[in-house]
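Residues per chain, in single letters:
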Amino acid sequence: MSNNQGIESAYDNKGFQHDNGRPPPYNQEGQQQIYPPLFQETPNYVAVTSAPVNTQFTTAPSPLPPTIGQKQGKKKCPWSYIVCAVLCVLLVLAVIGTLLWYFLVHQCLLGKSCRPGGKCLSLSQWCDGTRDCPQGEDETHCLRLKGADSILESYTTDSDMWLPVCADSWNNDFGRTVCEQIGYMSQDYVAYSKISTSSPNGYMKLQYGSNPDFPFQPQLFYSASCYSAAVALTCVECGKSSAAPNSRIVGGTEAKSGAWPWQVSLQINGQHLCGGSIISPYWILSAAHCFQRYNNAYQWRVYAGGVSLRSMTSGKSVQKIINHENYDPDTHDNDIALLRLTSPLTLSSTVKPVCLPNAGVNLAAERQAWITGWGSLRVSGPTPDRLNQAQVTIYSEETCNRQSVLNGKVTETMFCAGKLAGGVDTCQGDSGGPLVVKEGNLWWLAGDTSWGYGCALRNKPGVYGNVTYFLNWVYGQMQND
């Protein structure tokens, strides 16, 4: 967390150094930095191409008919012409078949593909309770929570829409089943509630006699009306703070105990290297670039529940680290990672998950957000013992990519936030930590600290991984576990 403007700045977390400075694509207003810079290897890509084969056909001229009075010999069967004609017909049929396969199967015009270019399924196979895709993605994202009230919605292929689930015949057993299907542990389930909502497109209802032990999706049917109300689910107790932050933040100040109970310190051998956010008792969300050099799970320990690094003496071991498979250390695309703990955190007033952003939660530009971490208070300065906090503004992609700001470097997997005037920013040691917004009395995780130019420079806001963009990926990893 920084409230100073540095000029020749370097974003190096202690314990991480680059051999040759920052990646070469970014050399604007000094060297671009990522928190923390790590040894990176350039991936090798092998392009496999196939040259198209062009087959040309020539036809012999037809023999002239015999003139009148000319002696005609015994008529011979033109077998060569028949064979040529048959081959031409077969070739045309093969071309037509190939085109039909490409457009109907490869392009999946009549259904949905498991993955781009993967197995094509009919729409009726999508969200039908049976895993038809090799990786099961046809059943992975069929349920979601909507808005700050966490209204349960089901995807229906019949109308290609998300519809709220009616609370008729609903109970907590179904709630627990659905939360497990979304990706949460059954023991983390809290409760369901009924929310009045208007849905002009209709609802999804449970059939009479439905059983929570059976696949959930096939037990739903469409209804134009709902007599009770829509289902709202609390799959995990999240987003609640026991201490309000200081609303008069200008730079960075020390946080109160319990104000940000989802903030964790990721350490190796007792040394803080990165931050992270608790999203469930078993899962920590952080940034992929934190684990490029030290990628063995057993090296890391997760410390939670305190604002002072010295006071947190008992850390949790990590069972596995899941970096996004498309993380690019050069462009910083897909800079997100998940840590699965070997044993769950014990939740308390100072240890709580932050809420993953539901569809429809307002994270639009110009929203005020908060960043927290144990990062340096100035460029290349010492790291504090106590957790710091600062308020920032989320900017639009257009603003972020102005030539005078970040010059087109912010992609759809990121967003930028800070103060264009400078003075407030994340810095070295804050990597992977949370950027949160408050909506409906709950705190939602909008971003993870990714990269930036210097610390708190004018027109150089920090860049964060766009958690909303990665939501399906996050839930998919939790489901696979």
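As a convention, each chain's residues are numbered from 1 in the sequence order in which they are written. In view of the model being predicted, local features appear only for residues whose pLDDT reaches at least 70, and side-chain atom pairs are presented and counted only at 80 or more, with totals across whole chains, interfaces and linings using the full set of residues. Excluding hydrogens and water, the side-chain figures rest on all heavy atoms present in the structure.

Under an unreviewed UniProt entry, the name given to the protein is Transmembrane protease serine 2, and the organism recorded is Solea senegalensis.

1. Focus on the overall build of the protein
We count it as follows: In this description a helix means any DSSP run of H or I spanning at least four residues, a strand means any run of E spanning at least two, and both kinds are numbered starting from the N terminus. For the exposure calls, accessible area comes from a 1.4 Å probe over protein chains only, and a residue counts as buried if that area is under 20% of its type's maximum, exposed if over 50%, partly exposed in between. Here, two residues are considered to be in contact whenever any of their heavy atoms come within 4.5 Å of each other. Here, Shrake-Rupley sampling with a 1.4 Å probe gives the accessible areas, and only protein chains in the shown set may cover a residue.
If you tally the helices and strands in the protein, you get four helices and 23 strands. Put simply, the protein has 481 residues, and 49% of those count as buried. Considering only residue pairs separated by 6 or more positions, the protein has 68% of its internal contacts joining residues 24 or more positions apart. Accessible surface computed for the protein: about 23,800 Å², of which carbon and sulfur atoms make up 51%.

2. Details of the packing of aromatic side chains
Spelled out, the test is: Ring pairs are drawn from Phe, Tyr and Trp, using the six-membered ring of Trp, whenever the two centres fall within 6.5 Å, and their geometry is named by plane angle: stacked under 30 degrees, edge-to-face over 60, tilted for the rest.
Enumeration according to the criterion identifies eleven aromatic pairs in this entry. Judged by centre distance (5.1 Å) and plane angle (75 degrees), the rings of Trp260 and Trp443 are edge-to-face. Placement of the pair is Trp260 in the loop between strand 11 (253–254) and strand 12 (263–268) and Trp443 in strand 22 (residues 442–452), with a sequence separation of 183 residues. Look at Phe291 and Trp300: their rings are 5.0 Å apart centre to centre, the planes differ by 70 degrees, and that puts the pair in the edge-to-face class. Owing to a relative accessible area of 1%, Phe291 belongs among the buried residues under this scheme. A relative accessible area of 1% means that Trp300 is categorised as buried. One aromatic cluster is present, built from ring pairs that chain together Trp260, Trp262, Trp370 and Trp443.

3. Concerning helix 4 (residues 471–480)
Counting buried residues along helix 4, seven of its ten residues qualify, which places the element largely inside the surrounding structure. Against the buried residues of helix 4 lie helix 2 (172–182), strand 13 (271–280), strand 14 (283–286), strand 16 (316–323) and strand 17 (337–341).

4. Quick look at the side chain of His289
This is how it is decided: For the purposes of these results, a polar contact is taken to be a pair of N or O atoms within 3.5 Å, where, inside protein, one atom must be able to donate a hydrogen and its partner to accept one; residues adjacent in sequence count only when each atom of the pair is a side-chain atom.
Note on placement: His289 falls in the loop between strand 14 and strand 15 (301–304). At a separation of 2.7 Å, a polar atom in the side chain of His289 contacts the side chain of Asp335. Side chain to side chain, His289 and Ser431 meet in a polar contact 2.9 Å long.

5. Concerning the sheet that holds strand 12
Applied cut-off: At least two bridges found by DSSP between two strands is the condition for calling them paired. For helices, the fitted line uses only the C-alpha atoms of the stretch in contact; every axis is such a line through C-alpha atoms, and the angle between N-to-C directions lies from 0 to 180 degrees.
Here we have six strands rolled up into a closed barrel, ordered 12-13-14-17-16-15, and antiparallel in their pairing. Averaged over neighbouring strand pairs, the angle between their axes works out to 45 degrees when direction is ignored. Of the strand pairs in this sheet, strand 12 and strand 13 are connected by six bridges, and their pairing is antiparallel. Counted as the bridge partner of Leu266 is Cys274 from strand 13. Strands in contact with helix 4 are strand 13, strand 14, strand 16 and strand 17; relative to strand 17, the strand with the most contacts, it is inclined by about 25 degrees.

6. Comments concerning the confidence of the model for the protein
Inclusion rule: Per-residue confidence from the predictor is given as pLDDT, running between 0 and 100.
Across the protein, the average pLDDT comes to 82, with 80% of residues at 70 or higher. Overall, residues 5–74 carries pLDDT values under 50, and its contacts beyond four positions in sequence, including any with other chains, amount to 133 contacts.

7. A short note on the environment of Leu347
Among the secondary structure elements, Leu347 is positioned in the loop between strand 17 and strand 18 (368–373). A relative accessible area of 36% places Leu347 in the partly exposed class. Remark: the alpha-carbon pair of Leu347 and Ala304, spanning 43 residues in sequence, is separated by 9.9 Å. The contact partners of Leu347, leaving out residues within four places of it in the chain, are Pro281, Lys352 and Pro353.

8. Some details on the environment of Asp425
In this fold, Asp425 is placed in the loop between strand 20 (414–418) and strand 21 (434–439). A relative accessible area of 1% means that Asp425 is categorised as buried. Taking C-alpha positions, Asp425 is 9.5 Å from Arg378, a pair spaced 47 residues apart along the chain. In terms of polar contacts, Asp425 uses its side chain to reach the backbone amide nitrogen of Ala456, at 3.0 Å.

9. So, the state of the cysteines
What makes a disulfide is a covalent bond joining the sulfur atoms belonging to two cysteines. What counts here: Any two cysteine sulfur atoms lying within 2.5 Å of each other are counted as a disulfide.
If you walk through the whole model with that rule in mind, you get eight disulfides. For Cys114, the disulfide goes to Cys133, at an S-S distance of 2.1 Å. Looking along the S-S bond of the Cys114-Cys133 disulfide, the torsion reads about -90 degrees, which is the left-handed sense. With Cys114 in the loop between strand 2 (111–113) and strand 3 (120–122) and Cys133 in the loop between strand 3 and strand 4 (143–146), the pair connects residues that are 19 residues apart, well separated along the chain. The disulfide bridge from Cys166 ends at Cys226, spanning 2.0 Å between sulfur atoms.

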